[in-house]
Amino acid sequence: MSKPHQLERDALGRLVLIDSNGLRHVGIHPVRAFPITAPGAGIGIMNQEGKELYWYPDIAAIPEAELGLIEEELAAREFMPVIEKITRVSTYATPSIWDIETDRGPTRIRLKGEEDIRRIAGNTLLIADSNGMQFLIKDATELDKVSKKLLDRFR
């Protein structure tokens, strides 16, 4: 039985899928099915037009060499800081400026409207700032008392 496909990087560092027919798909990118709620549940390999070329139903089933390439590519694409603390908000009306502490350090974001705070699943929230940057609160109930109080003003 022949291997259904192969992943590699080309000389320019782009990810390439070589399918079972030997056709090279250059510049492909992996996409998680559920990046926040179930990051290991499934990964699709998409071409530049957004068409799925290959589907991995479970991240645990991906061969180690391919998984390394996929994780490198995902790390470059999936930049989503996790909010650990909300230290200050400029006003309880929107737009407002929030001073926050994330897993990547302190920063300041601008919240355009309350609709930019979305519940993903359970107590997981996704906050989009005015620049379109996404910030994650993994579990709002785990935030400190001050952060919860500030956040509750906007939900």
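Whatever comes next refers back to the structure up there.
Residues numbered from 1 in each chain as written. Predicted model: local features only at pLDDT ≥ 70, side-chain atom pairs only at ≥ 80, totals over all residues. Heavy atoms only, no water.

Asks: When you look at the layout of surface pockets in this model, what are you seeing that I'm missing?
Replies: It is the rolling of a water-molecule-sized probe over the atoms that shows where space remains empty. In this model, the largest pocket occupies a volume close to 470 Å³. For the largest pocket, the lining is made up of 21 residues, of which Arg 32, Pro 35, Ile 36, Glu 78 and Met 80 are closest to its centre. Listed by contribution, the elements that provide at least two residues to the lining of the largest pocket are strand S4 (29-34) and helix H1 (64-77). A total of 4 residues in the lining of the largest pocket trace back to one element, the largest contributor, which is H1. (1 Å grid on protein atoms, 1.4 Å probe; cavity = no way out; pocket = protein on both sides within 12 Å on 5 of 7 lines; lining within 4 Å. Points joined across faces, edges and corners; volume = space filled by probe spheres on them. Helix = DSSP H or I, 4+ residues; strand = E, 2+ residues; numbered from the N terminus.)

Asks: So what exactly am I meant to see when it comes to helix H2 (residues 145-152) here?
Replies: Note that an α-helix has 3.6 residues per turn; residues three or four places apart therefore point the same way. All buried positions along H2 are accounted for by Ser 147, Leu 150 and Leu 151. For H2, the arc enclosing every buried residue in end-on projection is 95°, short of the 170-degree limit, so these residues lie on one face. Counted as exposed and oriented over 90 degrees from the buried face of H2: Lys 145 and Lys 149. As for H2, its buried residues are in contact with strand S7 (83-89), strand S8 (96-102), strand S10 (117-121), strand S11 (124-128) and strand S12 (134-137). N-cap assignment for H2: the residue whose side-chain oxygen lies 3.2 Å from the backbone N of Val 146 is Asp 144. (Buried < 20%, exposed > 50% of the residue type's maximum accessible area, 1.4 Å probe, protein only. Arc of directions from axis to C-beta. Contact = heavy atoms within 4.5 Å. Polar contact = N/O pair within 3.5 Å; in protein donor to acceptor, adjacent residues only side chain to side chain.)

Asks: Got a minute to help me understand the environment of Met 133 in this structure?
Replies: When you line up the elements, Met 133 lands in the loop between S11 and S12. The spacing of Met 133 and Pro 81 is 52 residues in sequence and 9.1 Å in space, taken between C-alpha atoms.

Asks: Help me understand the pattern of salt bridges, please; the structure alone is not making it clear to me.
Replies: If charged atoms from side chains of opposite charge come close, those side chains can pair. Following the criterion strictly, the structure yields 6 salt bridges and no others. Among the salt bridges present, the one from Arg 14 reaches Asp 10, with a minimum N-O distance of 2.8 Å. On the basis of relative accessible area, Arg 14 is assigned to the partly exposed category, the value being 38%. In this structure, Asp 99 engages Arg 88 in a salt bridge whose closest nitrogen and oxygen atoms are separated by 3.8 Å. Remark: Arg 88 occurs in strand S7 and Asp 99 occurs in strand S8; sequence separation between them is 11 residues. Among the charged side chains, a salt-bridge network with shared partners connects Arg 9, Glu 72 and Glu 73. (Salt bridge = Lys/Arg side-chain N within 4 Å of Asp/Glu carboxyl O.)

Asks: Any chance you could explain the environment of Ser 130 here in plain terms?
Replies: On the secondary structure map, Ser 130 appears in the loop between S11 and S12. Separated by 107 residues in sequence, Ser 130 and Leu 23 have C-alpha atoms that sit 42 Å apart. With residues up to four places along the chain from it excluded, the contact list for Ser 130 reads Arg 110 and Lys 112.

Asks: How do you make sense of the sheet that holds strand S3 (residues 24-26) when you look at a structure like this?
Replies: Ordered by their spatial adjacency, 3 strands build an open sheet running S1-S2-S3, and the pairing between neighbours is antiparallel. In this open sheet, the two strands that pair with only one neighbour each are strand S1 (5-9) and S3. The sheet shows a mean angle of 20° between the axes of neighbouring strands, direction not considered. Alignment of strand S2 (residues 15-19) against S3, held across 3 bridges, turns out to be antiparallel. Residue pairing across strands places Val 16 opposite Val 26, the latter belonging to S3. Across the sheet, H1 touches S1 and S2, and the angle it forms with S1 is around 50°. (Pairing = 2+ DSSP bridges. Axes fitted to C-alpha atoms, helices over the stretch in contact; angles between N-to-C directions.)

Asks: Mind showing me how you'd approach the packing of aromatic side chains here?
Replies: For any pair of aromatic rings, the description rests on two quantities: the centre-to-centre distance and the angle between the ring planes. Counting across every chain of the model gives 3 aromatic pairs. The interplanar angle of 50° and the centroid separation of 6.3 Å between the aromatic rings of Tyr 92 and Phe 154 together place this pair among those described as tilted. Residue Tyr 92 is found in the loop between S7 and S8, and its partner Phe 154 is found in the segment after H2; the two are separated by 62 residues along the sequence. Assessed through its relative accessible area of 38%, Tyr 92 is described here as partly exposed. A ring pair is formed by Trp 98 and Phe 154, whose centres lie 5.0 Å apart and whose planes are at 50°; its orientation type is tilted. Taken together, the positions of Trp 98 in strand S8 and Phe 154 in the segment after H2 put the pair 56 residues apart, joining distant regions of the chain. Overall, the relative accessible area of 2% leaves Phe 154 in the buried class. The ring of Tyr 92 carries Arg 153 above its face, with NZ or CZ at 3.9 Å from the centroid. (Phe/Tyr/Trp six-rings, centres within 6.5 Å; stacked < 30°, edge-to-face > 60°. Lys NZ or Arg CZ within 6 Å of the ring centre and 35° of its normal.)

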